[in-house]
Amino acid sequence: MLEINLSGLKLKSPIILAAGVLGVSYSSMKRVYDAGAGAVTSKSIGIVPREGYPNPSVIPVYPDTFINSVGLANPGINNFISEISECKANGLVIIVSIFGDTNEFYREVALKAQEAGADAIEVNISCPHAEVSSWGSDKCLTQTLVEYLRKAISIPIFIKLNPNVTDLPEIALAAEKAGADAVVAINTIRAMIIDVNTKKPYLHHGSGGLSGRSIHPIAVKHVYDLYKVLKIPIIGCGGIFEWEDVIEFFLAGASAVQIGTALFKGLDIISKLNTDLKRYLKNNNYRNISDLTGLAH
Ligand SMILES: Cc1cc2nc3c(=O)[nH]c(=O)nc-3n(C[C@H](O)[C@H](O)[C@H](O)COP(=O)(O)O)c2cc1C
């Protein structure tokens, strides 16, 4: 069985759409949900519309690996409420990713998303090419923000962790202590590519975040380390392309996973993953994918 219960959310599959990739409108999220995802995460939404950085902002580097500095382009929460409501009206499980320049802005966006019908909030404290990464680099800032949101919000709160730190478990523990329901590990890894002819970085913004196949083993290690210290569920994210990548995350300690970069190849990958995962469970005599969580320890 692929059904899971994630912090009270009942998902038909443990595969969730990662933030920032296709979660821009009801219709794009519906396509991902209909393709077999257990839930969808929206693009990170802020208090006001934001254009993001100029192109080039997404560049393929190695096979199945991207560098991006989209810069949190989003329509602002007031223009996104109807997309959330439509997701809810049509039975999608929707996690709204939020960001802010201040704790108060985070709270305001979270409250509006909750009111519109979000099933959970994912707090982006980790984008490597925007200011919000500062929260996720500091355990005190993380704890204060999560405590503040916890007091205001009744739906589950997931914290999207910043891998560009020395001690990620310390920051995850601060989030857990403050009342987070789960963590997502990981966001993209700070990176840069330079054009040898122009002698300038390729991305207009200069630096960006690496995603896709190249970061998968790094993400697995983070999940493995987090599982040793956390009591709350971990959502593994980074470089899922094959069913083995999903199983690896579960064995390391994940209770669910998110997929982003691989979807640029098409949405069929989700139903293929679901089919392959069911086959693995059957062949190995497991009733439920949740039985695999943490078995590598
Ligand atoms: C083009 C692009 C845009 C992204 N935008 C966001 C975002 O708005 N918020 C966020 O939390 N993560 C964002 N991410 C990070 C992904 O959610 C995910 O953490 C990361 O890409 C690793 O997963 P993957 O290897 O499956 O893509 C973005 C990633 C990409 C490639």
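Undergrad: Looking at this model, I keep getting lost on the overall build of the chain. Mind explaining?
TA: Looking only at helices and strands, one finds eight helices and 16 strands in the chain. Taken over C-alpha atoms, the radius of gyration comes to 18 Å for the chain, in line with the 19 Å a tight globule of 297 residues would show. Over its C-alpha atoms, taken along the principal directions, the chain stretches across nearly 55 × 50 × 40 Å. In the chain, the share of contacts with a sequence separation of at least 24, taken over all contacts with a separation of at least 6, comes to 71%. As presented, the chain carries roughly 12,300 Å² of accessible surface, and 54% of it is formed by carbon and sulfur atoms. Of the side chains in the chain, 27 bear a positive and 28 a negative charge, and the two mean positions are spaced by 2 Å.

Undergrad: Would you take a moment to explain helix H4 (residues 139-152) for this structure?
TA: The end-to-end C-alpha distance of H4, which contains 14 residues, comes to 20 Å, matching closely the 20 Å that a straight helix rising 1.5 Å per residue would cover. Looking only at H4, the buried set comprises Thr142, Gln143, Leu145, Val146 and Leu149. With a side-chain oxygen positioned 2.8 Å from the backbone nitrogen of Cys140, the residue opening H4 is Asp138.

Undergrad: What am I meant to see in the nonpolar core here?
TA: Most often, soluble globular proteins keep nonpolar side chains buried together rather than apart. Within the largest apolar cluster, 101 residues are counted, with the highest numbers of intra-cluster contacts made by Ile84, Tyr106, Val123, Phe158, Ile159 and Leu161. Sort the elements by how many residues they give to this core and helix H8 (residues 268-283) lands first, with six residues. Residues within four places of Ile84 in sequence aside, it is in contact with Ile77, Ile94, Val96, Ala113, Ala116, Gly117 and Ala118.

Undergrad: Would you take a moment to explain the side chain of Ser42 for this structure?
TA: Relative to the helices and strands, Ser42 resides in the loop between strand S4 (39-41) and strand S5 (58-60). Judged by its relative accessible area of 0%, Ser42 falls in the buried class. Here Ser97 takes part through its backbone nitrogen, which lies 3.1 Å from a polar atom of the side chain of Ser42. Contact partners of Ser42, with chain neighbours within four places excluded, come to Ala19, Gly20, Gly23, Met29, Phe80, Ile95, Val96 and Ser97.

Undergrad: Even after reading the chapter, I still don't get the pairing of strand S15 (residues 234-237), so can you show me in this structure?
TA: Each regular strand displays side chains that alternate between the two surfaces of the sheet. With burial as the criterion, each face of S15 is covered, one bearing Ile234 and Gly236 and the other bearing Ile235 and Cys237. One ladder, built from three bridges, connects S15 with strand S16 (residues 256-259); its direction is parallel. Paired with Ile235 across the bridge in S16 is Ala256. Read from S15 through helix H7 (residues 243-252) to S16, the crossover connection turns out right-handed.

Undergrad: What am I meant to see in the pattern of salt bridges here?
TA: Where side chains of opposite charge bring their charged atoms close, a pairing between them can arise. This structure, assessed with the given rule, holds 12 salt bridges. The partner of Asp119 in a salt bridge is Lys88, with the nearest N and O atoms 2.8 Å apart. Here Asp119, found in the loop between helix H3 (103-116) and strand S8 (120-124), pairs with Lys88, found in helix H2 (residues 77-89); they are 31 residues apart in sequence, far enough to count as distant. The exposure class of Asp119 is buried, given its relative accessible area of 18%. Here Lys88 falls in the partly exposed class, since its relative accessible area comes to 29%. Across the pair Asp276 and Arg279 runs a salt bridge, and its minimum N-O distance is 3.2 Å. Taken together, the positions of Asp276 and Arg279, both in helix H8 and three residues apart, correspond to about one turn of that helix. Given the relative accessible area of 8%, Asp276 is considered buried.

Undergrad: Looking at this structure, how should I read the sheet that holds S5?
TA: Pairing between the strands of a sheet is mediated by backbone hydrogen bonds and can be parallel or antiparallel. The sheet built from four strands is open, its strands ordered S5-S6-S14-S11 with antiparallel pairing. With one partner strand each, in any of the chains shown, S5 and strand S11 (189-191) form the two edges of the open sheet. Between one strand and the next, the sheet's axes are offset by a mean angle of 35°, whatever the strand orientation. Judged from the four bridges that link them, strand S6 (residues 65-68) and strand S14 (residues 208-212) form a sheet pairing that is antiparallel. Bridge pairing in S14 links Thr65 to Gly212.

Undergrad: I'm lost on the site of the ligand in this one. Help?
TA: For the ligand, the set of nearby residues contains 23 residues, the closest of which are Ala19, Ser44, Gly212, Gly239 and Thr261. Here an oxygen atom of the ligand and a backbone polar atom of Ala19 are 2.7 Å apart. The contact in question runs from an oxygen atom of the ligand to an N or O atom on the side chain of Thr261, over 2.6 Å. Notes on the ligand: free accessible area 610 Å², of which the protein chains cover 97%. Residues of the shell around the ligand, tallied by class, amount to nine nonpolar, 12 polar and two charged.

Undergrad: What am I meant to see in the packing of H2 against H3 here?
TA: The relative placement of two packed helices is expressed as an angle between their axes plus a distance between the axes. Put simply, H2 and H3 touch, their axes get as near as 8 Å, and they point 30° apart. The orientation of H2 relative to H3 falls into the category roughly parallel. In terms of crossing hand, the pair formed by H2 and H3 is right-handed. Of the residues in H3, those touching H2 at Ile77, Asn78, Ile81, Ile84, Ser85 and Lys88 are Val109, Lys112, Ala113 and Ala116.

What counts as what
Residues numbered from 1 in each chain as written. Predicted model: local features only at pLDDT ≥ 70, side-chain atom pairs only at ≥ 80, totals over all residues. Heavy atoms only, no water. Helix = DSSP H or I, 4+ residues; strand = E, 2+ residues; numbered from the N terminus. Rg over C-alpha atoms; globule rule 2.2 N^0.38 Å. Contact = heavy atoms within 4.5 Å. Areas by Shrake-Rupley, 256 points an atom, 1.4 Å probe, with all protein chains shown as cover. Lys, Arg positive; Asp, Glu negative; His and termini not counted. Charge placed at Lys NZ, Arg CZ, Asp CG, Glu CD. Expected span 1.5 Å × (residues − 1). Buried < 20%, exposed > 50% of the residue type's maximum accessible area, 1.4 Å probe, protein only. Polar contact = N/O pair within 3.5 Å; in protein donor to acceptor, adjacent residues only side chain to side chain. Core = buried A, V, L, I, M, F, W, Y, C linked by side-chain atoms within 4.5 Å. Pairing = 2+ DSSP bridges. Right-handed = clockwise from strand over helix to strand, strands pointing away. Salt bridge = Lys/Arg side-chain N within 4 Å of Asp/Glu carboxyl O. Axes fitted to C-alpha atoms, helices over the stretch in contact; angles between N-to-C directions. Near = heavy atom within 4 Å. Nonpolar A, V, L, I, M, F, W, Y, C, P; charged D, E, K, R; others polar. Parallel < 35°, antiparallel > 145°, perpendicular 65-115°, else oblique. Left-handed = near helix turned anticlockwise from the far one by under 90°.

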